[in-house]
Amino acid sequence: MGAFSLPTSIPLDYYLILSAVLFVTGVVGVITRRNAIIIFMSIELMLNAVNLSMVAFSAFLGDVAGQMFVFFIMAVAAAEAAVGLAIVLALFRNRRTVYVDEVNIMKW
Amino acid sequence: MELQVLLFTIFAIGAVTTALLTITRRNPVSSAMNLVAHFFMLSGLYLTMEAQFVAAVQVLVYAGAIMVLVVFVIMLLNLGKEQQLAERGNAVRQTLAFATAGMFAVMMIMAVVGGPSGKTALHENAAMIGTTENIGQVLFTEYLFPFEAVSLLLLAALIGSVILAKRHIKEEA
């Protein structure tokens, strides 16, 4: 082998760093986009980044609790998707827009 | 274990790329399609950690159910490409937003790099805990109460979304 050798297995830290990068991608999506549906998709990105670190901890520590949490997070995300999209629909029906900066009725 | 390294590299690059495409595409439908691809990449990453059940549920629930709902709403609202507001050129606010996100990223990555976990390989039980059999076993014994609570949550979400999204029919006196 030369000076550079490929790792033979992926350490836990790599999964955690990947998860952090994906989470921040979601955060940037939420703060830069105007479309409520894309903001909603960015929130899903963040939820999935957390799921990734949960599964990583679960697999590397040999504890099933992490994967149980992922299961419940998915159920909550499904509920959130249904309610969130219903709110977007109601918003569009009343204001003819899905751009969050044009919705200011709750702004003080 | 070389296969795990190869698959992790492919899926990690794929996941980051599709996530970036999701938040940068102007067209909401292509955003949604990239998010579906992202969920498949994550599912692959779960498989590199021997979490078979979570990988299958990821594809079924996220790529299958949730994204169908999202695409359906996008089509229903007939959304076009998102235009950028001209007066949105608020450079200070934009810079602050990216600086905050960047500092957050640095903070999280430093937390991992600064205190390495020392775990370099999967736990020897990893292949055993991720199976549907084991997950079901634990779910219906140790986690039975949260499981029932989640069913209640889903019912509440179901009723809530119907009430929110339904048309208001005028009362005919």
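Procedures and definitions
Residues numbered from 1 in each chain as written. Chains lettered and ligands numbered in written order. Predicted model: local features only at pLDDT ≥ 70, side-chain atom pairs only at ≥ 80, totals over all residues. Heavy atoms only, no water. Helix = DSSP H or I, 4+ residues; strand = E, 2+ residues; numbered from the N terminus. Expected span 1.5 Å × (residues − 1). Core = buried A, V, L, I, M, F, W, Y, C linked by side-chain atoms within 4.5 Å. Buried < 20%, exposed > 50% of the residue type's maximum accessible area, 1.4 Å probe, protein only. Domains from an automatic or database assignment. Contact = heavy atoms within 4.5 Å. Axes fitted to C-alpha atoms, helices over the stretch in contact; angles between N-to-C directions. Parallel < 35°, antiparallel > 145°, perpendicular 65-115°, else oblique. Nonpolar A, V, L, I, M, F, W, Y, C, P; charged D, E, K, R; others polar. Buried area = accessible area lost by both parts, 1.4 Å probe. Salt bridge = Lys/Arg side-chain N within 4 Å of Asp/Glu carboxyl O.

Trainee: Summarise unusual backbone geometry; cite the residues concerned and give the values.
Mentor: Within the chain, R96 of chain A stands out as a residue other than glycine whose phi angle is a positive 55 degrees. Secondary-structure assignment places R96 of chain A in the segment after α3 (65–95).

Trainee: Just give me the short version of helix α3 (residues 52–77) of chain B, but keep the residues and values in it.
Mentor: With 26 residues, α3 of chain B should reach 38 Å at 1.5 Å per residue; the first-to-last C-alpha distance of 36 Å fits that figure. With its phi angle positive at about 55 degrees, N78 of chain B sits one or two positions after the end of α3 of chain B.

Trainee: How would you explain the nonpolar core if you had to name every residue and give the values?
Mentor: Formed by 78 residues in total, the largest nonpolar core has its most connected members in I37 and M41 of chain A together with M49, V70 and L77 of chain B. In this structure, this core is formed jointly by two domains, domain 1 (1–80) and domain 2 (131–168) of chain B, each of which donates at least three residues. Apart from residues no more than four positions distant in its own chain, M41 of chain A is found in contact with P28, S31, A32, L35, M67 and V70 of chain B.

Trainee: How would you summarise the packing of helix α2 (residues 36–61) of chain A against α3 of chain A if you had to cite specific residues and measurements?
Mentor: All names here are of chain A. Put simply, α2 and α3 touch, their axes get as near as 9 Å, and they point 175 degrees apart. By the angle class used here, α2 and α3 are roughly antiparallel. Between α2 and α3, the contacting residues are A36, I37, F40, I43, E44, L47, N51, M54, V55 and S58 on the first element and G66, Q67, F69, V70, I73, M74, A77, E80, A81, L85 and V88 on the second. Tallied by class, the residues present in the contact of α2 with α3 amount to 15 nonpolar, 4 polar and 2 charged.

Trainee: I'd like a description of the interface of chain B and chain A, backed by residues and values.
Mentor: Each partner contributes residues to the interface: chain B has 81 residues there, and chain A has 72 residues. When chain B packs against chain A, close to 6,900 Å² is buried across both sides, 77% of that on carbon and sulfur atoms. Where chain B packs against chain A, one counts 0 salt bridges. Of all elements in the fold, only α1 (2–24), α2 (28–48), α3, α4 (91–114), α5 (126–129), α6 (132–139) and α7 (144–165) of chain B reach the threshold of two or more residues within the side of chain B that touches chain A. The leading source of residues in the side of chain B that touches chain A is α3 of chain B, at 13 residues. Taken together, the residues that form the side of chain B that touches chain A break down as 58 nonpolar, 14 polar and 9 charged.

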